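# Fold and contact review
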Protein chains: 2
Amino acid sequence: MNHDTNFDRAGIDTALSVLQQRFGDRFTRNEGIRREHGHNVSMLYNQPPDAVVFAESTADVADAVKICAAHRCPVVAFGAGSSIEGQLNAPFGGVSIDLSRMNQVLAVSPGDMTVTVQPGITREALNAYLRDTGLFFPIDPGANASIGGMASTRASGTTAVRYGTMKDVVLAAEAVMADGRTIRTARRAKKSSAGYDLTRLLVGAEGTLGIMTELTLRVFGIPEMISGGVCTFPSVRAACEAVMATIQAGIPIARCELLDENQIRACNAYSKLSLEEQPTLCVEFHGSPSSVAEQSELFGEIALEYGSPSFEWSTDPDRRNKLWRARHDGYWAAVALRPGCEVYSTDVCVPISRLAECVEETQKDLADMGLFAPILGHVGDGNFHVLLSLDTANAAEMKRSEEFSARLVERALSMDGTCTGEHGIGQRKPKYLRKEMGDAVDFMQSIKAALDPQNILNPGKYGF
Amino acid sequence: MNHDTNFDRAGIDTALSVLQQRFGDRFTRNEGIRREHGHNVSMLYNQPPDAVVFAESTADVADAVKICAAHRCPVVAFGAGSSIEGQLNAPFGGVSIDLSRMNQVLAVSPGDMTVTVQPGITREALNAYLRDTGLFFPIDPGANASIGGMASTRASGTTAVRYGTMKDVVLAAEAVMADGRTIRTARRAKKSSAGYDLTRLLVGAEGTLGIMTELTLRVFGIPEMISGGVCTFPSVRAACEAVMATIQAGIPIARCELLDENQIRACNAYSKLSLEEQPTLCVEFHGSPSSVAEQSELFGEIALEYGSPSFEWSTDPDRRNKLWRARHDGYWAAVALRPGCEVYSTDVCVPISRLAECVEETQKDLADMGLFAPILGHVGDGNFHVLLSLDTANAAEMKRSEEFSARLVERALSMDGTCTGEHGIGQRKPKYLRKEMGDAVDFMQSIKAALDPQNILNPGKYGF
């Protein structure tokens, strides 16, 4: 399967001229703006598009894609710019369609517990909008990402253990396809057996099959009560086993984050805390007052069994936040470890029964390689991040970090895990996609070629 | 998009000869067996395949598909024969691959709460196998369907309101594709952002894109306690509103079934009961003893608000079964209504906020058309069935029932619902698929053409 990335410069230039006429001052070639749209929070080179179009409606997106299709011009959809595997770079030039002005809530149905939004709205803006309705959108990847971007990378984060990932909460989408036609992938019914699941084909496709212009999302009732707590364990293994036992006991834990010794050390330094430098779990429970109390107490008993005598929890928001302080500061504590360095957050996910082994081997590998990197895990899903603090000017260190990352993926794959739990493939992981999926990638390529025969939608991602 | 259904008889015959050599006495042209494999529980004509192959391994399936691909012979995958929209018929002849001997549990991981099974195992056999592990597989479509068949029709049933549908519990699949190659759609990690979601593309594809030969499923802890109960409401609307309020309150109701007045009347006649002939909800709660008590009491309070003073519930299994008697007997009570008639269970699904309106209008339409049909709903999902008892020899009645079904689908679509919540498209609903999905069907057809260019996998379904 050949995905042609030899774009004709003249065709792209023609498309840009036509786009400029169509969009007027919502079309720009400003270098700073272009660079921002190629920007990504990883350490990949910035590869800006040739131009940026600010879309304000589905019709805008459809027109832009039609123009690009007519002249074979690459199209990259842009939301909030928080993806980290190079999803937004434009290695073959072309146009970035900025969706951030398409940030409206189009409908809220409290009875159905659904909302329909435009793709550019951020999760924080959505939750601010929803607050008075008693509903909330639970998926929390950390960054204040756009909903369209979160859907496109199949994002998840801290609450996935209870509420699922973007694949579970996107009920339907409107999307502009590579020929500029607009489709809906599903109706608003909670379930359907009608046809191929185009919704979940677009979710996680990183903008390579279509551009989502509306999303209907499942939302949830704001929990009547939230309890949060923290406890330390004698080992990563004990912490992971406690989580497995909790899930097996049917306790609907809402968040469940592992911080390793190095992460706690970083937090102590950054936030002037004096936490015990031990593997630590930060947990949260959602429900009625009696139910969160029951869940917290049951969890405390399980934690005790696995060597944690110290489970402290509270339903008081201030106290909860204090207990979770280390988790909240986790990323910035890692950033502060080595001033002037950049943090690259890698991401793998394994069956939870293999998680302890995977984290322990990874810690040993880091030590053996002379790399210092805290580990933070969405441990209820078997997903963890290694926050590599890297001196990008140090070629030897960068090479070691690449070797480390490759071995981390190999380790996850050898445990029947995946090369990415929630960050996606982008520009960095195509080689791992093939290792993980084998011949299945051929069928992905067939789908790509069928739906985007000119390869104009986010070319160069997924290795396509 | 042209899906060629002009199969060359000589090619099919050659494939059958080669299959016969390869499979020996596991290949048959026996008429009774062929008819059984075209059998389906709806009232469509039986269209048997030319032959049946009994597969015992993935290699068998791969070989059979390779032979069929080489000579362009249609292939229909067969599990337990319980699909109801004609998914198993072979309108262009060819071979049915019977997967019922591939019925092994290949792996159980209590730590990960996953099992890996062959597609021919039935859900009851799987649950019997799991009983001692403390785990269970929750999806319950009524029939003792095969897991592969349930995945292929994106089945769900009574517990979907809590545990989701097959799209939510199939974590990964091994599948034989149209060229005979075997792929895995995902690893066993709980979540992944690696590549297009081939798992959910195969789930619901009704065997038109590939044949699943292994499935890794999420399973759940057997609830420590189950409470079940029943209550009547002054109207369908009141019952639906009570369910909406229950879900909005965050009560994790595990089953939630609506029986309309006609269904209760049928049950009274069939089971010699004297239930009040009112819209009735049968509900179930799963959890710890204190949690099911809390859930049941909260539900009782909500039911009272909506005019049901009578919520009776119990955690005693015998008492629970007695309370749920009407629901358990529902289908057979409908069958018994008119001896000698066949029951066709239609299936639509709408946003729950529109459910009362949809059921009420449907009841009125039935009455206006002189059709008598009980209504049974998985009301927490907005999904309901109309159990049409039809005299298949009465052409006028059959015509009325077709008109009724068409209007039912139109009604569901006008309410942003779907033409099928859980039965699938098969041979009966292709025309509705186009109405529901519009141009999106073109992209489904492109995917089909890309993955099965010879159109050998279950041709004639989905309208392809």
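Preceding this paragraph is the structure being described.
The structure displayed is predicted, hence computed values, not measured ones.

A few words now on the interface of chain B and chain A. Every contact between the two is made by 83 residues of chain B and, on the other side, 84 residues of chain A. Across the interface of chain B and chain A, roughly 6600 Å² is buried in total on both sides, 56% from carbon and sulfur atoms. Taken together, chain B and chain A are joined by 13 salt bridges. Between Arg188 of chain B and Asp416 of chain A there is a salt bridge, with its nearest N and O atoms 3.7 Å apart. At the junction of chain B with chain A, the criterion picks out 52 residue pairs in polar contact (both at pLDDT 80 or more). Those elements that provide at least two residues to the side of chain B that touches chain A are helix H6 (160–163), helix H7 (166–169), strand S9 (182–184), helix H8 (198–202), helix H9 (236–248), helix H11 (289–305), helix H16 (430–437) and helix H17 (440–451) of chain B. The biggest single contributor to the side of chain B that touches chain A is H17 of chain B, with 9 residues. Along the lines of polarity and charge, the residues of the side of chain B that touches chain A split into 33 nonpolar, 27 polar and 23 charged.

A complete count under the given rule lists 18 aromatic pairs over all chains for this structure. With a centroid separation of 5.5 Å and an interplanar angle of 65°, the aromatic rings of Tyr462 of chain A and Phe464 of chain A are classed as edge-to-face. Among the residues examined, Tyr462 of chain A registers a relative accessible area of 2% and is labelled buried. With relative accessibility at 3%, the residue Phe464 of chain A sits in the buried group. Here the aromatic rings of Phe136 of chain B and Tyr163 of chain B are separated by 5.6 Å at their centres, their planes lie at 90°, and the arrangement is edge-to-face. Note that Phe136 of chain B is positioned in strand S7 (residues 135–136) and Tyr163 of chain B in helix H6, a separation of 27 residues in sequence. Given the relative accessible area of 9%, Tyr163 of chain B is considered buried. The residue whose ring lies beneath Arg72 of chain B is Phe7 of chain B, and the NZ or CZ to ring-centre distance is 4.1 Å.

The next subject is the relation of the copies chain B and chain A. Expressed as a screw transformation, the operator carrying chain B onto chain A has a rotation angle of 180° and an axial translation of 0.0 Å, and the superposed copies differ by an RMSD of 0.0 Å. Taken together, these values place the two copies in the relation of a two-fold axis. The overlap is high: 100% of the interface residues of chain B also sit at the interface in chain A, so the same surface is used on both sides.

What counts and how
Per chain, residues are indexed from 1 in the order of the written sequence. A letter from A marks each chain and a number from 1 marks each ligand, given out in the order of writing. Given that this is a predicted model, residues contribute local features only at a pLDDT of at least 70 and side-chain atom pairs are listed and counted only at 80 or more, while totals for whole chains, interfaces and linings are drawn from all residues. The side-chain numbers reported here are obtained from all heavy atoms of the structure, hydrogens and water having been left aside. Contact between two residues is taken to exist if any of their heavy atoms lie within 4.5 Å; hydrogens are not considered. A simple way to read buried area is as the amount of 1.4 Å-probe accessible surface that goes missing from two parts once joined, with both sides added. Take a side-chain nitrogen of Lys or Arg and a carboxyl oxygen of Asp or Glu: if they are within 4 Å of each other, that pair is a salt bridge. For the purposes of these results, a polar contact is taken to be a pair of N or O atoms within 3.5 Å, where, inside protein, one atom must be able to donate a hydrogen and its partner to accept one; residues adjacent in sequence count only when each atom of the pair is a side-chain atom. In this text, helices come from DSSP runs of H or I with a minimum length of four residues, and strands from runs of E with a minimum of two, each type numbered from the N-terminal end. Note that Gly is not counted as nonpolar here; it falls among the polar residues with everything else outside the nonpolar set of Ala, Val, Leu, Ile, Met, Phe, Trp, Tyr, Cys and Pro and the charged set of Asp, Glu, Lys and Arg. We call Phe, Tyr and Trp rings a pair once their centres come within 6.5 Å, taking the six-membered ring for Trp, and we label the pair stacked below 30 degrees between planes, edge-to-face above 60, and tilted otherwise. Only protein chains enter the calculation, and the probe is 1.4 Å; a residue is then buried if its accessible area is under 20% of its type maximum, exposed if over 50%, and partly exposed in between. Charge over a ring is defined by NZ of Lys or CZ of Arg lying within 6 Å of the ring centre and within 35 degrees of the ring normal. Overlaid copies result from least-squares superposition on C-alpha atoms, with residues included only where pLDDT is at least 70 in both.

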